[in-house]
Structure formats: C-alpha cells, structure tokens
Amino acid sequence: MLKNILSSGYIFGEEDYALKTKYILLNSMMSLLSVSLAIVGSFRILTGYYMQGLIDYFATATGLLLIFILRKFKKGHYLLVAYVMAFISATLIIVSYYTSNGIININTWFIALIIPIFFILGYRIAMVMALLFMIIIATLNLNYVRTDTLNTMYGYVPLFLSVIFLHIYEYRFYEFTKVLTDTNNNLEQKVKEKTLERTQVLEEQKNKLDHQTHHDHLTALPNRVKFQKEIQKKIDFKRDDEKLAIFFIDLDHFKNINDSFGHDIGDQVIKITADRVRQCIRKDDTLARFGGDEFVVLIDDYYDKSDLEVVAENIISCISKPILIESMTMFISCSIGISVHQEEVCSPHDLIKYADTAMYKAKEQGRNIYQFYSPNMTEIAFERVLMETSMRFALEKEEFVVYYQPQVDTRLDKIVGLEALVRWNHAKMGLISPAKFIPLAEETGLIVVLDQWVMKTGMSQIRQWYRMGLNPGKLSLNLSVKQLQEDDFIEIVKKLLHETGCKAEWIEFEITESHIINNVEEGIETLNKIKALGISIAIDDFGTGYSSLSYLKKLPVDKLKIDRSFIIDIPDNKEDAAITNAIIAIAESLNLRVIAEGVETRKQKEYLLECGCHFIQGYFYHQPMPVQRMEKVLLKS
C-alpha cells in the first residue's frame, strides 16, 4: 500500500531507477510536509496564531491534493506538479506576508521555492538555497524570532524535515550514480572486451577466408587466383636480366584412378604428387594447384633453357615412381608444357595459356614428356577448340556416320560379324580420322552421347539387314569406360534393344582390357548384367594392358581380340609372334574365341591360321565401309 502511494501507482523497471527515486521522494516530501504542517498548524491555533495555523492547514490540503493529482498524470510528468506547487506556494507567501504584519513565514518560503527548485533545477541548488534562505529569513525576522520563538520553531520544523529528505535523496542519488557508473564502466569494459574479441574473430575469419580464397583446400598450395597474382608481381618487379618460366603439369589418365579406385584415393595421389613436385623445385619457386590434376610452377632467375629441361626431367622422373596407397601400388605419369616470359608477352594469362598449349602438345606426342611452347602451337590449339565446338553440333547436323568392317572366318572365307566404327564427315574438313576426335570426345564427355548414337544406329541397321534375309552375324560395338560407368547404362541398352527391335544375340560389346582391369569388381558386376541380357562380350586390344590371367578367368567374356600392334610385324618379328601365340593359347585354355585385327597381308593370315586363330579382321579382306557398300558385300556373300 505505502509502496503504491509513494510510486504514484506506477510500475518502474530497473532502467527507471532515477525516475522512481524522484517519484518516491516527491511523494514522501509532500506527505511528510503535509503531516508536519498539519501538526504545526494545530499547535499554532492552540497558541493563538489562528491565521498562520489556517495557512498551514491549507498547505497540508494542497500537498495531499498534489499527491492525488500526481497519480493522475502520465508517468514522467512530475515537473508539472512542481510548477503547480510553486504557483500555490507563491500565493501562500503573499497571504502569509499580509496576515502576519509583514513577517515572512519560513515554511511557506520553503514550500514556495525549495521544493519546486529541487525538482526543476536539482537537489544541489535546492540545498544551497535552503541554507541561504534560512540565514536570510532568520536575519530579516531577528526581532520576530526573539519575541515569538515558539512560532518560529514551528516554522523551521518542515524545513529541517525537508533538508533531511534532501540528504536522503543525495545519498540515494549518489548510490544510484555509483551503481550506474560502475555498471557503465563494466559495460564499457565488456563492450571493449567483446569488441576486441569480435575484432580478433573477424580478423581470424578474414585471414581464414583469404587463405581459402587463395589456396587449394586439399594440398594447401596456392590456387589459380594467387598464382596469377604471383606471376604479375614477378613481372612487375623483375630485373632486366631476370628470366621467368611457367611449367604447366597435367597428370596422364588421372581420371582412370578416380574411376577405378575412387576419389579418396585420387585425392591422396594428388597430395603425393604435390609433395614430389615440391621436392624437385627450389624454395623460391612457386608451386600451385590449378585445379583437378593440374599443377603449375613459376620458376624465376634461371640461367638458360637447359636448367628448365633438368627441372622438367626431374619432375617427370619423380612423379613416375610407384605410389603405394592402402597396399595398392599404382603408377602415374605427367605431361609438362613450358612457356618462357618474353618482353612482348607480359600477361600472366598469356604465359599460363601458352604453357597449357605446350602441355597438350606433350600429350599428343605420347605423354610422359615435356614440350616448350612455340607460336605454331597456338594455331593447333585454336584448331582443337574449333573441332570441339564443331563436334558438339555434329550430331544435330548428322555429320557422324557409321562404317562397318567385316570379321571373317578364314577357314570358309565367310563373314561372321561386323564391327561398327564411327566416322566424322565434316562439312568443311571432310572425313576426320577417329584418332583425332575420339580422344577429344572422351575428354569432353561427348563420348557417352556419341556411343549411344552409334549403338542405336548400328542396332537399327543390323535388324534391317536381318529382315532383308541377310546374315551379317554379330555386330560388335565399342564401349567407352564413361559409358560403362553410367548408372543407367543397362537400362539404356534395354531401351535401345526395345526401340530398334534388335535381338540381344545379334550384339557384341567390345570393351578395352585396361578399362576392366582398373576396377575389376565393378567391371565384373556390369559385365554380368550385360551377359544376362544375352549380349556377347569381347575384350578389345588384348595384350596391351595388364593381361592378368587371374582377372581374366573371372570375367564373363566370350572373345579375345588381339591388338593390331602385335599383328603388323608377324611372322617376321619373333617377339610379336610369341605374344600372339601366347594370346591364342590363353584363349584356347579358357575356351574363348580369338580374333586378330589389323590383318593386311596373306603371310599374316596364313600364320594366324596355322597358330589356330581362325577369325580375322583387317584390310586383307575388307576396309571399313559405309552402309550402302556393306549391304552390297552382304548381298554377294
């Protein structure tokens, strides 16, 4: 109840401490003054000072009325009450002055000035003025004090009570100020600590983000962005006699490792390769990972071209060493392109581009070598880009065609099968060799679409020939490793067989030996699914890969195809002849059919026939031919 009266019925939060204190003190002072003035007024009336007593009663009623009014005002509007008090008290001063024969009543002065000043100007000024008024009024009323001491004492009672309250307020305000100051200091300290902590966190995050932006996450090497900045910095500050060179390193057939062993193993190979390259260069040289299986090296301040050759040979030799990961030993090679900074070539982009172009030249030359950039390479690279662009539209323009090369039983000189071979009949460049566009198709991923188009075209054609009453035998279709790795490959084959009306027993898939051996378990699973459809399986280019008998006997294959590289020099080349005999013997021991490709002479045919290889494919009988010519050959046979 008391708390409610003193706070004027308002609810104050912690942040309203000062306002709450003023409301409590204002209500307390007005209540105490009202009670004290009522008591003083009663004593005055009893002692014959009727008019002074009535003024005290009126002041009491005024104080109580103001307490009530303060509850009706909006929270925080206490100053208006102070102004009203000042106006009423001023009126009391005038009345008191004229009713007391010019004698000024000390308590009316206090009510009229001290309390309003307290709330309007502040407690410190109120304290000073209260003391000052006491001295001034006591001096002015000196005669009055001597003759009427009791009445004077009555007048000083409210003043002393109010001064006590002013001291209480000063103490509470000091405590509040101290708490507020301490709180503010603590807050400032915490803000400083948090700001410093946040600044440190932001700085760490900035540094981390900057590192991630400019470094490769796997090897922690500088990335493409940072490497280009390093080149520009070297170019800007290099001496006139200082030489700069860029090595562009690309791992050969790295995708086979990812496809065969998984990306985790591939990542370990990348890290091992990075460490090996770092060992082959100087500390001042810059090594960066450009992306995927590509690395770049910035070499500066070398003597002559022979220095670069030594570094390139060391890198190739070091990378070619066996890699042992999880009890698996694997080998990998690299191709390196080298560009040298010239005065007319100042752009980091150009230096990297030229090194990249030279690297592709190294791959074309057989891989596992290095090549220096020369201006004519740019023209070759440009032709390569044009070819890739043209190839993407070749299917839509129907520039690809399927040629067919017969496979012959030499005992009867009879066609027993056909191999479907894709050709590119470019509108401007004419017939393009598969040796040029097949590797490009594999690199760009277009080989999957191309393979599916060849399968559909070949299946449709073989069905048409059978409907015509011809007997073309089995149609051999080459499959790329990318095609086999497609998750929906088996479903695609089923769909093509259904759409074309081709029977599964009319089809044979040729799969390169290395593609299977690189991932035997997955390869066996896929081959079993193909076999379950009724499609025959042949291993193409047998003898050029691992040729592991332990793997071979697990594979559900029907035929081995001897690579043309072993056929071209037989029977004169004893080593090739021995390898050919061995392959034929392996096929017989595993109850597999065997066919030789690339047979061009009678001597080769007769030798193979003597060795027990009855099926051959090559120019000795027929070259690859378009569908119209192939149809005529089938009609004759």
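Residues numbered from 1 in each chain as written. Predicted model: local features only at pLDDT ≥ 70, side-chain atom pairs only at ≥ 80, totals over all residues. Heavy atoms only, no water.

Remember that side chains alternate between the two faces of the sheet whenever the strand is regular. The alternating pattern of strand 14 (residues 559-562) places Lys-559 and Lys-561 on one face and Leu-560 and Ile-562 on the opposite face, and all of these are buried. Here strand 13 (residues 536-542) runs beside strand 14; their pairing, made up of three bridges, is parallel. Bridging across to strand 14, Phe-542 finds its partner in Ile-562. Bridge count between strand 14 and strand 15 (residues 593-597): four bridges; the pairing is parallel. Its bridge partner lying in strand 15, Leu-560 is registered against Val-594. (Buried < 20%, exposed > 50% of the residue type's maximum accessible area, 1.4 Å probe, protein only. Helix = DSSP H or I, 4+ residues; strand = E, 2+ residues; numbered from the N terminus. Pairing = 2+ DSSP bridges.)

Right, let's get into the packing of aromatic side chains. For the coordinates displayed, the defined rule picks out nine aromatic pairs. Arranged with centres 6.1 Å apart and planes meeting at 45°, the rings of Phe-489 and Phe-509 form a pair that is tilted. Of this pair, Phe-489 sits in helix 18 (residues 489-500) while Phe-509 sits in strand 12 (residues 507-512), and the two are 20 residues apart along the sequence. Both rings, one in Phe-620 and one in Tyr-621, keep their centres 5.1 Å apart while their planes meet at 90°; by these two values the pair is edge-to-face. Judged by relative accessible area, which is 21%, Tyr-621 ranks as partly exposed. Every member of this aromatic cluster is reached through a ring pair, and the members are Phe-227, Phe-248 and Phe-290. One residue, Arg-224, lies across the ring of Phe-290, its end atom 4.1 Å from the ring centre. (Phe/Tyr/Trp six-rings, centres within 6.5 Å; stacked < 30°, edge-to-face > 60°. Lys NZ or Arg CZ within 6 Å of the ring centre and 35° of its normal.)

Taken as a whole and judged by the stated rule, the model has 22 salt bridges. Residue Asp-216 is joined to Arg-289 by a salt bridge in which the shortest nitrogen-to-oxygen separation is 3.1 Å. Placement of the pair is Asp-216 in the loop between helix 8 (149-214) and helix 9 (224-237) and Arg-289 in strand 2 (residues 286-291), with a sequence separation of 73 residues. Both residues of the pair, Asp-216 and Arg-289, belong to the buried class. (Salt bridge = Lys/Arg side-chain N within 4 Å of Asp/Glu carboxyl O.)

On to the packing of helix 10 (residues 254-261) against helix 11 (residues 263-280). Packing of helix 10 against helix 11 brings their axes to within 7 Å, and their N-to-C directions diverge by 140°. When the axes of helix 10 and helix 11 are compared, the pair comes out oblique. Seen from helix 10, the contacting residues are Phe-254, Ile-257, Asn-258 and Phe-261; seen from helix 11, they are His-263, Ile-265, Gly-266, Val-269 and Ile-270. In the contact of helix 10 with helix 11, the residues fall into six nonpolar, three polar and no charged. (Axes fitted to C-alpha atoms, helices over the stretch in contact; angles between N-to-C directions. Parallel < 35°, antiparallel > 145°, perpendicular 65-115°, else oblique. Contact = heavy atoms within 4.5 Å. Nonpolar A, V, L, I, M, F, W, Y, C, P; charged D, E, K, R; others polar.)

This part takes up the confidence of the model for the protein. Per-residue confidence for the protein gives a mean pLDDT of 77, with 72% of residues at or over 70. This model gives residues 107-113 a pLDDT under 50, and the stretch forms 28 contacts once residues within four places in sequence are excluded. (pLDDT = per-residue confidence, 0-100.)

Judged by nonpolar contacts, the single largest core of 73 residues is most densely connected at Ile-507, Phe-509 and Leu-560. For this core, the leading source of residues is helix 16 (residues 446-467), giving nine residues. Dropping the residues within four chain positions of it, Ile-507 is found in contact with Met-459, Ile-462, Lys-474, Leu-475, Leu-477, Leu-497, Cys-502, Ile-535 and Ser-536. Listed in part, the 35 residues of the second largest apolar core include Ala-245, Ile-257, Ile-319 and Phe-372. (Core = buried A, V, L, I, M, F, W, Y, C linked by side-chain atoms within 4.5 Å.)

Structurally, Asp-285 is set in the loop between helix 11 and strand 2. In terms of polar contacts, Asp-285 uses its side chain to reach the side chain of Arg-282, at 2.8 Å. (Polar contact = N/O pair within 3.5 Å; in protein donor to acceptor, adjacent residues only side chain to side chain.)

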